[in-house]
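Reading the structure
Chain residues, written in single-letter form:
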Amino acid sequence: MKKTIAVTPKKKPIPRHLAIIMDGNGRWAKKRGLSRLKGHRAGVKNLRPIIKYMHDKGVKYVTLYAFSTENWNRPEGEVNGLFHILEEIIGKESKELKKYGVRIHHIGSIKGFSSKLKKSISEALELTKDNSDMHLGVALNYGGRAEILNAVKGMIADGTQPNKVNENTFKKYLYAPDFPDVDLVIRTGGEMRISNLLIWQTAYSEYYFTPVLWPDFGVEELEEALTAYSQRQRRFGGLQPK
Ligand code: IPE
Ligand code: IPE
Ligand code: MG
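Residues numbered from 1 in each chain as written. Chains lettered and ligands numbered in written order. Predicted model: local features only at pLDDT ≥ 70, side-chain atom pairs only at ≥ 80, totals over all residues. Heavy atoms only, no water.

**Describing the side chain of glutamate 206**
Selection rule: Note on conventions: DSSP H or I runs of at least 4 residues are helices, E runs of at least 2 residues are strands, and numbering of each starts at the N terminus. Contacts are assigned to residue pairs that have any heavy atoms within 4.5 Å of one another.
In this fold, glutamate 206 is placed in strand 6 (residues 206-209). Once residues within four sequence positions are removed from consideration, glutamate 206 is found in contact with Asp183, Leu184, Val185, Tyr229, Arg232, Gln233 and Arg234.

Written out as structure tokens, the structure reads:
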């Protein structure tokens with residue numbers, strides 16, 4: 001008699017750490033004859049369903065790139081307006097996120113922030129600190145090179161001996177030492193670059209680029225990105241997919 005082996009369908013791999021470069025707000029606004037700040041508002045509005053979806057899918061760590069160290073090169077009015085929008089949304093959304101178990105982390109430096117923005121960030125961190133369903137890193141005033149330099153400075157300040165410097169000891173000095181390496185980076189807006197995001201943590205990431213502008217990026221697009229990710233073969237330098 002022929003033996004039948006029950007095969008349980010393999011679960012689609014889900015990224016453990018997903019990072020999103022939310023690009024294209026300015027172009028989205030321009031296309032509609034609106035100000036760039038209106039574009040940023042639309043971008044921020046887009047976040048709620050996306051975060052909810054990632055949470056429901058079981059993504060454990062998410063990093064959202066909100067403002068890079070290079071974004072200080074923008075006109076003062078845009079920078080201030082953007083910070084104002086972020087301050088508002090952090091305050092409002094943190095209460096919602098607390099409800100479904102999301103812990104908010106700030107990834108980057110608070111140098112140069114207004115006291116109001118600093119307050120809104122520290123309140124959000126405090127409010128959600130006991131959550132662990134999903135970790136949401138907000139990369140705000142974040143630069144990958146600045147993070148690496150900051151880590152090096154920290155190690156030197158602690159008197160770390162050269163023979164103690166390895167990937168594990170170094171990692172402890174990063175802004176979010178408990179976040180694992182990034183599995184998938186999604187960049188909206190059509191550019192195909194990393195723009196200084198998590199350059200240490202993305203050494204072996206998968207990338208997904210889409211021309212869709214961030215305010216138009218919905219859960220259907222996110223689902224597509226996750227499907228593409230699930231079909232990638234990750235070998236980490238070896239011969240067998242891992
Ligand atoms: C991304 O949108 C948001 C930030 C960088 C803060 P952009 O503002 O870069 O939008 P584009 O690239 O000009 O369209
Ligand atoms: C990357 O977008 C940073 C964020 C999305 C926060 P940018 O629009 O600043 O990137 P570049 O300048 O096109 O590389
Ligand atoms: Mg841009």
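**Notes on the site of ligand 2**
Under the convention used in this document: Distances are taken per atom, and a residue is near a molecule or strand as soon as one of its heavy atoms is within 4 Å of it. The term polar contact refers here to a pair of N or O atoms within 3.5 Å; inside protein, the definition further demands a hydrogen-donor-capable atom paired with an acceptor-capable atom, and it admits residues adjacent in sequence only when both atoms are side-chain atoms. Only the protein chains shown count as cover for residues, and all accessible areas are computed by the Shrake-Rupley method using a 1.4 Å probe. Each residue gets one label: Ala, Val, Leu, Ile, Met, Phe, Trp, Tyr, Cys and Pro are nonpolar, Asp, Glu, Lys and Arg are charged, and the others, such as Gly, are polar.
Surveying the vicinity of ligand 2 reveals the residues Ile21, Met22, Asp23, Tyr65, Ala66, Phe67, Asn71, Arg74, Arg187, Arg193 and Ser195. Between ligand 2 and the protein, one listed contact pairs an oxygen atom with a side-chain N or O atom of arginine 187 at 3.3 Å. Take arginine 193: an N or O atom from its side chain is 2.8 Å from an oxygen atom of ligand 2. Taken by itself ligand 2 offers 390 Å² of open surface, and the protein chains cover 78% of this. In terms of residues, the shell around ligand 2 owes the most to one element, strand 2 (residues 61-68), which gives 3 residues. Along the lines of polarity and charge, the residues of the shell around ligand 2 split into 5 nonpolar, 2 polar and 4 charged.

**Focus on the site of ligand 1**
As a matter of local geometry, ligand 1 sits amid Met22, Asp23, Gly24, Asn25, Gly26, Arg27, Arg36, His40, Ala66, Asn71, Arg74 and Leu82. Within the side chain of aspartate 23, one N or O atom sits 2.9 Å away from an oxygen atom of ligand 1. Measuring from an oxygen atom of ligand 1, one finds a side-chain N or O atom of arginine 36 at 2.8 Å. Look at ligand 1: alone it shows 370 Å² of surface, and the protein chains cover 86% of it. Mapped onto the shell around ligand 1, the elements with two or more residues apiece are helix 1 (25-31) and helix 2 (36-45). Counting residues per element, the shell around ligand 1 draws most heavily on helix 1, at 3 residues. Grouping the amino acids of the shell around ligand 1 by side-chain chemistry returns 3 nonpolar, 5 polar and 4 charged.

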